[in-house]
Amino acid sequence: MTGTTQRTTQDWQAADSAHFLHPFTDFQGLARKGARIITEADNIYLRDSDGHRILDAMSGLWCVNVGYGQRALVDAAATQMQQLPFYNAFFQTATPPAIALAEKLAEVTPPQFQHVFFSGSGSEGNDTVVRMVRRYWDVLGQPARQVIISRHNAYHGSTMAGASLGGMSGMHAQGGLPIPNITHIDQPYWVEHKLPGETMDAFGIRAAGWLEAKILAIGADKVAAFIGEPVQGAGGVIIPPATYWPEIQRICDRHGILLVSDEVICGFGRTGHWFGCETMGFRPDLMTFAKGVTSGYIPLGGVMVGDRVAKVLIEQGGEFEHGYTYSGHPVACAVALANIKIIQDQNLVGHVHDDVGPYLAEAFALLGEHPLVGAAETCGLMGALLLVQDKATLKPFDAAVGIGMVCRGHCFANGLIMRAVGNRMIIAPPLVITRAQIDEMAALIRRCLDLTLADVRRHGWL
Ligand SMILES: *Cc1c(COP(=O)(O)O)cnc(C)c1O
């Protein structure tokens, strides 16, 4: 049976586990439980195959920023598919949507960005970053500058280069990663690394100093670039101190090293500015984007190429031997244009910066008073609650308890998608969320925290 309607949940689950290998999934474990089948969505709400309504506080996978059911994006795709569903950009050709999107991206990104290289996803965008920064130094006659420095617990995608740039130990343990000449420093996570009595500002400067120490250990003449997410997403919404990124910028400048901002999550309004580097106060040479550029309605990614790199590649580089079949896919670009139009017309960046961002911060501050919560942090429309055994000392639960997964189970059962990363419960709701919907979300979160606390008491985990 191949139809997409009128099958029972059980029937879907059986077919799913028989044929579909899911990403980042223990296949056998999922087959035992059965997947949750999502069948439709509107605004910030999903519906599953049993008819449950679920508040999607994760925007799909950090991407559905304009919310579900935006007719303009659907119409843009349909119109473009009828007119020209595909043409490539390889052989001295281009399509109007790709050109118009490149022009629009130059308008909404910081002023140093006048050029874009398109990919099909964030991972591919970061593969392009690796190829491009090494090519840049080759063209400049410094081919020894090969090393790219990233951070532990970073997420930069799942291709060979993306997973290597990322700092996830579980990913590195499978398949011989990282690839050569990619190395990692510690993340600026205060819970792990801040010293007693140290101010956040001082910690931020010290954490940035780890980059300089690494550069000096390797030799600056061998370092090509540093890459980081302005706020680490998949790592657990790790928000660096305000001093961190400006100091990273100074260190990169001092050693002539390219600075790359992975904006796949932070881009397109998530942090309350168009791009996370604007919120965090730094000026990258390259920016990777994906997810929010189309609000996930269709795959698209790419790299914004700043003047410093673009000038060298254009004026001295000759042919850049790199590209994807779907670089500048006309349908994806048409959808991105419609998506950016909504962000602009509805002033969603201002909505996050002036209205729902601060409102979420207030709601999270109240959740921070809950006995299970050791810290509540937000940046724009990203938020994290640190679950602790002891509020005063921030003593963590025994890892065997799996406190985050316990809480996440209650969220699923109560109609809320919230993600657990270790002991951090995280959210990144659609940018169109309203104050009333934040109240609804916060009430659901509180209920799930209470249920988790009841488990803790019942099982004697305290
Ligand atoms: C999701 C993500 C990626 C990878 O994007 P894909 O489209 O899944 O390949 C890269 N970087 C960051 C910061 C991400 O969150």
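Residues numbered from 1 in each chain as written. Predicted model: local features only at pLDDT ≥ 70, side-chain atom pairs only at ≥ 80, totals over all residues. Heavy atoms only, no water.

## Details of the domain arrangement of the chain
Put simply, the rule reads: Segmentation into domains, and thus their bounds, comes from an automatic or database assignment. The contact criterion used throughout is that any non-hydrogen atoms of two residues lie within 4.5 Å. Buried area is a sum: the accessible area each of two parts loses on coming together, probed at 1.4 Å, counted once for each and added. Helix and strand assignments follow DSSP, with helices taken as H or I runs no shorter than four residues and strands as E runs no shorter than two, numbered in order from the N terminus. Charged means Asp, Glu, Lys or Arg here, nonpolar means Ala, Val, Leu, Ile, Met, Phe, Trp, Tyr, Cys or Pro, and polar covers whatever is left, Gly included.
Parsing the chain into structural domains produces domain 1 (43-66 + 347-459) and domain 2 (72-345). For domain 1 versus domain 2, the distance between C-alpha centres works out to 27 Å. The interface of domain 1 with domain 2 comprises 30 residues on the first partner and 34 residues on the second. Approximately 2500 Å² of surface area, both sides summed, lies buried where domain 1 meets domain 2, with 66% of it carried by carbon and sulfur atoms. Contributions of two or more residues to the side of domain 1 that touches domain 2 are made by α3 (59-62), α15 (348-367), β11 (373-379), β12 (382-387), β14 (419-421) and β15 (424-427). Looking at the side of domain 1 that touches domain 2 residue by residue, the class counts come to 20 nonpolar, 7 polar and 3 charged.

## A look at the packing of aromatic side chains
This is how the line gets drawn: Aromatic rings from Phe, Tyr and Trp, with only the six-membered ring used for Trp, were paired whenever their centres fell within 6.5 Å, and each pair was classed as stacked if the ring planes differed by under 30 degrees, edge-to-face if by over 60, and tilted otherwise. Throughout this description, the term charge over a ring refers to an Arg CZ or Lys NZ atom that lies within 6 Å of the ring centre and within 35 degrees of the ring normal.
Applying the stated criterion across every chain, the model contains 12 aromatic pairs. These aromatic residues form a ring-pair network of at least three members: Phe226, Tyr244, Trp245 and Phe282. Here Arg7 stacks its cationic end above the ring of Trp12, 4.3 Å away from the centre of that ring. In this structure, Arg145 is placed above the aromatic ring of Trp137, and the distance from its NZ or CZ to the ring centre is 4.3 Å.

## Here we look at the pairing of strand β5 (residues 147-151)
To keep it simple, the criterion reads: Buried means the residue's accessible area, taken with a 1.4 Å probe over protein chains only, is under 20% of the maximum for its type, while exposed means over 50%, and partly exposed covers the values in between. Paired strands, in this sense, are two strands between which DSSP finds at least two bridges.
Burial within β5 is extensive, with 5 of its 5 residues counted as buried. Here β5 shows two buried faces, one formed by Val147, Ile149 and Arg151 and the other by Ile148 and Ser150. Inspection of the sheet shows β5 paired to strand β7 (residues 223-228) by 3 bridges, in the parallel sense. The residue of β7 that forms the bridge with Ile148 is Ala225.

## Digging into a nonpolar patch on the surface
For clarity, the cut-off: Patch membership needs two things, relative accessible area over 30% and no salt bridge, and members are linked within 9 Å if like-charged or within 5 Å if nonpolar (Val, Leu, Ile, Met, Phe, Trp, Tyr). Only the protein chains shown count as cover for residues, and the accessible areas themselves come from Shrake-Rupley with a 1.4 Å probe. Basic side-chain nitrogens of Lys or Arg form a salt bridge, by our definition, when they fall within 4 Å of a carboxyl oxygen of Asp or Glu.
A cluster of nonpolar side chains, namely Phe86, Tyr87 and Tyr326, defines an oily patch on the protein surface of about 310 Å² accessible area. By the element assignment, Tyr326 lies in the loop between α13 (307-316) and α14 (330-345).

## Describing the nonpolar core
Counted only if it meets this: Definition used in this section: a nonpolar core is a set of buried Ala, Val, Leu, Ile, Met, Phe, Trp, Tyr and Cys residues joined via side-chain atoms within 4.5 Å.
Among the nonpolar cores identified, the biggest contains 113 residues, and Phe226 and Ile445 are the most heavily contacted of them. Two domains each provide a minimum of three residues to this core, namely domain 1 (43-66 + 347-459) and domain 2 (72-345). Residues Ala161, Leu286, Val305 and Ala310 belong to the second largest nonpolar core, which totals 24 residues.

## Re the site of the ligand
Spelled out, the test is: Each residue is tested against the molecule or strand, and it is near if at least one of its non-hydrogen atoms lies within 4 Å. Side-chain atoms alone can form a polar contact between residues adjacent in sequence; in general such a contact is a pair of N or O atoms within 3.5 Å, and within protein one must be able to donate a hydrogen while the other accepts it.
Ser121, Gly122, Ser123, Asn126, Tyr155, His156, Gly157, Glu229, Asp262, Val264, Ile265 and Lys291 make up every residue found near the ligand. At 2.8 Å from a nitrogen atom of the ligand is found a side-chain nitrogen or oxygen belonging to Asp262. Contacts to the ligand include Lys291, whose side-chain N or O atom sits 2.7 Å from an oxygen atom. Per element, the largest residue contribution to the shell around the ligand is 3 residues, and it comes from helix α6 (residues 122-139). Grouping the constituent residues of the shell around the ligand by class yields 3 nonpolar, 6 polar and 3 charged.

## Description of the packing of α6 against α13
Rules: Geometry is summarised by axes, namely lines fitted to C-alpha atoms with helices restricted to the contacting stretch, and by angles between N-to-C directions that run from 0 to 180 degrees. Should an angle fall under 35 degrees it is taken as roughly parallel, and over 145 as roughly antiparallel, whereas 65 to 115 is taken as roughly perpendicular and any remaining angle as oblique. Definitions for this section: a left-handed crossing has its near helix turned counterclockwise from the far helix by less than a right angle. A right-handed crossing has that turn clockwise.
For the pair α6 and α13, interaxial distance at closest approach is 10 Å and the crossing angle is 60 degrees. Between α6 and α13, the angle falls in the class oblique. Along this stretch, α6 crosses α13, giving a crossing that reads as left-handed. Where α6 abuts α13, its residues Met132, Arg135, Tyr136, Trp137 and Val139 lie against Arg308, Val309, Val312, Leu313 and Gln316. Broken down by class, the residue content of the contact of α6 with α13 amounts to 7 nonpolar, 1 polar and 2 charged.

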